[in-house]
Structure formats: structure tokens, C-alpha cells
Amino acid sequence: MDNEIQLISDGDGLAVIGNPTDVDRFLVSEGLASQDLGLERLKPAVGTGAVVAQAGSEIAANSGRWVKLTRESAQSVQKYGLRKSSKTGLSTGVVKGPKGQIRGFIEVVKAPRSLLTNPAILAGAAGIMAQVAMQQSMAEITDYLATIDEKVDDVLRAQKDTALARMIGVGFVIEETMTIREKRGRVDEIMWSKVQTAPTTIAETQAYALRQLDALAEKMERETDIGDLATTAEKAESIVREWLAVLARCFQLQDAIAVLELDRVLDASPEELDGHRSGLKGARQDRLERITLSTERLVARMNAAADSANANVLLNPAASPAVVQSSNRVSASVHDFHGRLGIESGRQSSEARRWTDAAAEAMDKVLEAGEEGVDAAWRVGSETLGQARSATGKLSSGIAERALRWFGDNE
């Protein structure tokens, strides 16, 4: 049907499906950036038969675009009232706009068309959406690794640990398989056999990197001398950057494996695709939570070190600011890393306390304490002076009385 757009959301992205012209008009009307969804890859999920042939022709006639759901883009499509399925976790709906107009899309109050009512096609579309989302995440991680001083391969080659060395080899095999996938458009049994044991090696490397960050956080916590703390904090800057690079590479390879897995399931057991997609999504979220826990613990320890350094700046005028600066640089590295993995985190930088400010504050406290002492001394002195005056008055009165009595007795 003309001007009709079918929408599918899995919470991370939005699939926009329909006539190519209508899809473009819709995306322009909402100001949404998109990329090709690759609907033609749904054909293996359709199977055979007359009904399937009709569905296949609809796939061929339609265009599919994928939109990454940010806070802003999610709000822009929220008005269309997509309905969420408790079974699949997907939200779907149909919108329609008048011919010849860019704006004015409204929700169509009727049952969706066959693409959304066909479970196999819907599951296949959701699987492809997950793949596109992970591939975009992989690209963002590649950009992240290119911005650090040493690329991840250089960092890994400098390590002597066996687990890291194995991951380098696994990475080469995964990249090779992804290249073949792009050429062939599918993952067959031979291709999958090359990479099916890779997740174990990657998981071992990720666990090792997280332990290194945890050990660094514990070392920062044990340091009590500000000078030693400054030395440890400075070393932490490069150490953290390197292990974050290793974690980023692990996450990138894990996403690549997930992309290959979904292709393999789509090719071999399409009826299991939706369940496999949900399982991969849950596993991915678990990995993010483990990474978040370790990195946020490290940032908290660095912030605590900065607070301790600021509190001791008078005795350590050179080391204390150095601790704060190192802490801020580590926090910035973690914040950037979180952003590339889609982890929400609030970065709070500490401000190095100036020695002169600390000295002035200390002087104010001394003066305040001194003023209180002067006031106390003044009160005591006033009371003593009053008592002395009272005693002098009494003494003078006594002497005068005795003198008068003496003169009286001798008259």
C-alpha cells in the first residue's frame, strides 16, 4: 500500500520498512540518520511454498533502513505508539502519510501488513537488526582504538601473557571469517568451524583484563603516603588505557562472533533465530555489567585518592595536584571507553586544591581559634579587673573607716 511504513523496534534500533521512496520521506520527516538493513538476507528465513513466495516478493519490493535509537530518536518515534509484544520483546506498528508530503505521517489504525504478521520474517528482521547494531558498535570501537596512543595490537604484542597472545590469533581468524561472510552473504558450517571455540579464549582475556583493573584499584586503596600515591596514580594512566584497549578489543570480537552466530542460525535453523537473538542480547548485557562494575570501582578509587590528596596539599604541595590530575585523566579515559560501548556514566572531575587556598583556609582557622582565645582572655581579664576594683574599693573603705575611728578616739 502506498505511503505505508512498517516499523520494528528492539529497544536498540528501529527498522523502517516500505517502498523506498516512502521510507526516505519518513526518515527525512523525522530527521533520522539511517543505514541499509539488508532485507534481502531474510529470504532464507522464508522457506518454500506459495505463501512464502508472496512474502519473498514483498521483501524484494520493499526497502529496509536501520536507525540507531538514541534518546532523541527514541522520543521522535514514541508518538507513533508502537505496540510491544511480550513474547518477542519487539515493538511494531504502521504509519502512513498523504502522497506528495514530507510531513504528516500518522498511525494507521488497522492490522499490520504481512511482513509484520509473518513470525519468520519478523524474527529474521529482528536478527538482522541485532547484527547491524553490533556491527555499528564494532566500528565505533575501531574508531576508539585508533584514537589512543597505542593501537590495541601493539598493546597486545607487548604482553607476554599466553591468554593475550591467543586472543591475537583468534582475532585474525574472526576478521578473516567476517571478510568471507561479506563476500558470500552467509556463514556455512566450514566457516563456523573456524571460530566456534573463539568465545572461550576471548572470555579468558576479558576476565584477565578486568582482574588487572581490580588489582590497580586495590593498590590505589592501600597507598597511604601521598608521594607513593602520586607515583602509582601516574603509572595508572597508561596501565588503564592499555587494559581498556584490551577490553574494547574483547568486546569487539565478541560482537563479531555474535554476528556470525546469527548468520549461522539463520542459515541452519531459522526457527531458532528469535530465541538465539534474545540469548545473545542477554549475554551481551551481562558482559557490559561486569565491565561497568570493575571500571566504576576503579574510578571511585581514583576519585577517593584525589580527595585524599587535596586534603593533604599543605604537606604535599607538589604530589597532591599530581594525584588529582592523574585521577582526572583516568576518569576521562574510562568515560570515553564507556561511551564507545554504550555505557551511561557521569564523569565528575576533581579540581586540584591550590596550596595558597589551603594555606589561607588554614590561617583562617588559626585566626578564628585565636580570636576565640582572645575573647576568652578578655572575658577573664574583665572579670578579674572587676573583682580587683571591687576588692580595692572594699579595702579603701576599710582604711577610711579605721582612720575616722582613730581621729575620733584622739580628740
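Being a predicted model, the structure only gives us computed values, none of them experimental. (Residues numbered from 1 in each chain as written. Predicted model: local features only at pLDDT ≥ 70, side-chain atom pairs only at ≥ 80, totals over all residues. Heavy atoms only, no water.)

Peer 1: Could you give me a rundown of the overall build of the protein chain, with the residues and numbers involved?
Peer 2: Looking only at helices and strands, the protein chain features 14 helices and seven strands. Split into buried and exposed, the 411 residues of the protein chain put 42% on the buried side. Residue pairs at least 24 apart in sequence account for 76% of intrachain contacts in the protein chain once pairs closer than 6 positions are excluded. Working note: accessible area of the protein chain is about 21900 Å², and carbon and sulfur atoms make up 53% of it. (Helix = DSSP H or I, 4+ residues; strand = E, 2+ residues; numbered from the N terminus. Buried < 20%, exposed > 50% of the residue type's maximum accessible area, 1.4 Å probe, protein only. Contact = heavy atoms within 4.5 Å. Areas by Shrake-Rupley, 256 points an atom, 1.4 Å probe, with all protein chains shown as cover.)

Peer 1: Lay out helix α11 (residues 226-268) with the relevant residues and their values.
Peer 2: The terminal C-alpha atoms of α11, which comprises 43 residues, lie 61 Å apart, in line with the 63 Å expected from a rise of 1.5 Å per residue. The sharpest bend along α11 reaches about 30° and sits at Ala-236. Counting buried positions along α11 gives 32 out of 43 residues, so the element sits mostly inside the fold. Near the N-terminus of α11, the side chain that reaches the backbone nitrogen of Gly-227, with its oxygen 3.0 Å away, is that of Asp-225. (Expected span 1.5 Å × (residues − 1). Bend = angle between axes of the 7 residues up to and from the residue. Polar contact = N/O pair within 3.5 Å; in protein donor to acceptor, adjacent residues only side chain to side chain.)

Peer 1: Break down the pairing of strand β1 (residues 4-9) for me, with residues and values.
Peer 2: Burial runs high along β1: six of the six residues are buried. Burial along β1 is two-sided: Glu-4, Gln-6 and Ile-8 and Ile-5, Leu-7 and Ser-9, pointing in opposite directions, are all buried. Inspection of the sheet shows β1 paired to strand β6 (residues 91-96) by six bridges, in the antiparallel sense. When the sheet's bridge partners are listed, Leu-7 is paired in β6 with Gly-93. With five bridges joining them, β1 and strand β2 (residues 13-18) adopt antiparallel strand pairing. Counted as the bridge partner of Ile-5 is Gly-18 from β2. The turn linking β1 back onto β2 is made up of three residues, and Gly-11 within it adopts a positive phi angle of 95°. (Pairing = 2+ DSSP bridges.)

Peer 1: Tell me about the environment of Ala-130, and please be specific about residues and values.
Peer 2: Within the element layout of this structure, Ala-130 appears in helix α6 (residues 119-147). Between the C-alpha atom of Ala-130 and that of Ser-278, which follows or precedes it by 148 residues, the distance is 9.5 Å. In contact with Ala-130, other than residues within four places in its own chain, are Asp-10, Leu-262 and Arg-277.

Peer 1: Tell me about the side chain of Gln-252, and name the residues and values.
Peer 2: Following the sequence through the fold, Gln-252 ends up in helix α11. Classification of Gln-252 as buried rests on a relative accessible area of 7%. At a separation of 2.6 Å, a polar atom in the side chain of Gln-252 contacts the side chain of Thr-142.

Peer 1: Describe the packing of helix α10 (residues 198-222) against α11, naming the residues involved and giving the relevant values.
Peer 2: Close contact between α10 and α11 brings their axes to 9 Å; oriented N to C, the two are set at 160°. The angle between the axes of α10 and α11 places the two elements in the roughly antiparallel class. Here α10 and α11 pass one another in a crossing that is left-handed. Class assignment for the residues of the contact of α10 with α11 results in 22 nonpolar, five polar and one charged. (Axes fitted to C-alpha atoms, helices over the stretch in contact; angles between N-to-C directions. Parallel < 35°, antiparallel > 145°, perpendicular 65-115°, else oblique. Left-handed = near helix turned anticlockwise from the far one by under 90°. Nonpolar A, V, L, I, M, F, W, Y, C, P; charged D, E, K, R; others polar.)

Peer 1: So what about the nonpolar core? Which residues, and what values?
Peer 2: Soluble globular proteins tend to bury their nonpolar side chains together. Core analysis: the largest hydrophobic core is formed by 65 residues, its most contacted members being Ile-174, Ile-202, Val-240, Leu-244, Leu-298, Phe-337 and Leu-341. Those elements that place two or more of their residues in this core are α6, α8 (162-184), α9 (189-195), α10, α11, α12 (273-311) and α13 (319-341). With 23 residues, the single largest contributor to this core is α11. (Core = buried A, V, L, I, M, F, W, Y, C linked by side-chain atoms within 4.5 Å.)

Peer 1: Can you break down the packing of aromatic side chains residue by residue, with the values?
Peer 2: The tally for this structure, following the rule as stated, stands at two aromatic pairs. Between the aromatic rings of Tyr-144 and Phe-337, the centroid separation amounts to 6.1 Å while the plane-to-plane angle is 55°, which identifies the pairing as tilted. Here Tyr-144, found in helix α6, pairs with Phe-337, found in helix α13; they are 193 residues apart in sequence, far enough to count as distant. Taking NZ or CZ as reference, Arg-287 lies 5.3 Å from the ring centre of Phe-251, over its face. (Phe/Tyr/Trp six-rings, centres within 6.5 Å; stacked < 30°, edge-to-face > 60°. Lys NZ or Arg CZ within 6 Å of the ring centre and 35° of its normal.)

Peer 1: If you had to explain the packing of α11 against α12 to someone new, which residues and values would you point to?
Peer 2: Where α11 meets α12, the axes come as close as 12 Å, and the angle between the chain directions of the two elements is 175°. Considering their axes alone, α11 and α12 lie roughly antiparallel with respect to each other. Its residues assigned to classes, the contact of α11 with α12 shows 18 nonpolar, four polar and five charged.

Peer 1: Kindly report on the pattern of salt bridges, identifying the contributing residues and their values.
Peer 2: Within the structure shown, the criterion is met by 18 salt bridges. Residue Glu-182 pairs with Arg-181 through a salt bridge whose shortest N-O separation is 2.8 Å. (Salt bridge = Lys/Arg side-chain N within 4 Å of Asp/Glu carboxyl O.)

Peer 1: Summarise the side chain of Asp-263; cite the residues concerned and give the values.
Peer 2: Relative to the helices and strands, Asp-263 is located in helix α11. At 2.9 Å, the side chain of Asp-263 forms a polar contact with the side chain of Gln-131. Setting aside anything within four residues of it in sequence, one finds Asp-263 in contact with Arg-41, Gln-131, Arg-181 and Val-187.

Peer 1: Residue-level account of the environment of Gly-275, with values.
Peer 2: By the secondary structure assignment, Gly-275 is in helix α12. Exposure remark for Gly-275: the relative accessible area of 54% places this residue in the exposed category. Taking the C-alpha atoms as reference, Gly-275 lies 8.9 Å from Ala-123; in sequence the two are 152 residues apart.

Peer 1: Which residues make up the confidence of the model for the protein chain, and what values go with them?
Peer 2: Across the protein chain, the average pLDDT comes to 77, with 70% of residues at 70 or higher. The low-confidence segment residues 100-112, where pLDDT is below 50, has 33 contacts with residues more than four positions distant or belonging to other chains. Under a pLDDT of 50 for its full length, residues 391-396 has, in the predicted model, zero contacts with residues more than four places off or in other chains. (pLDDT = per-residue confidence, 0-100.)

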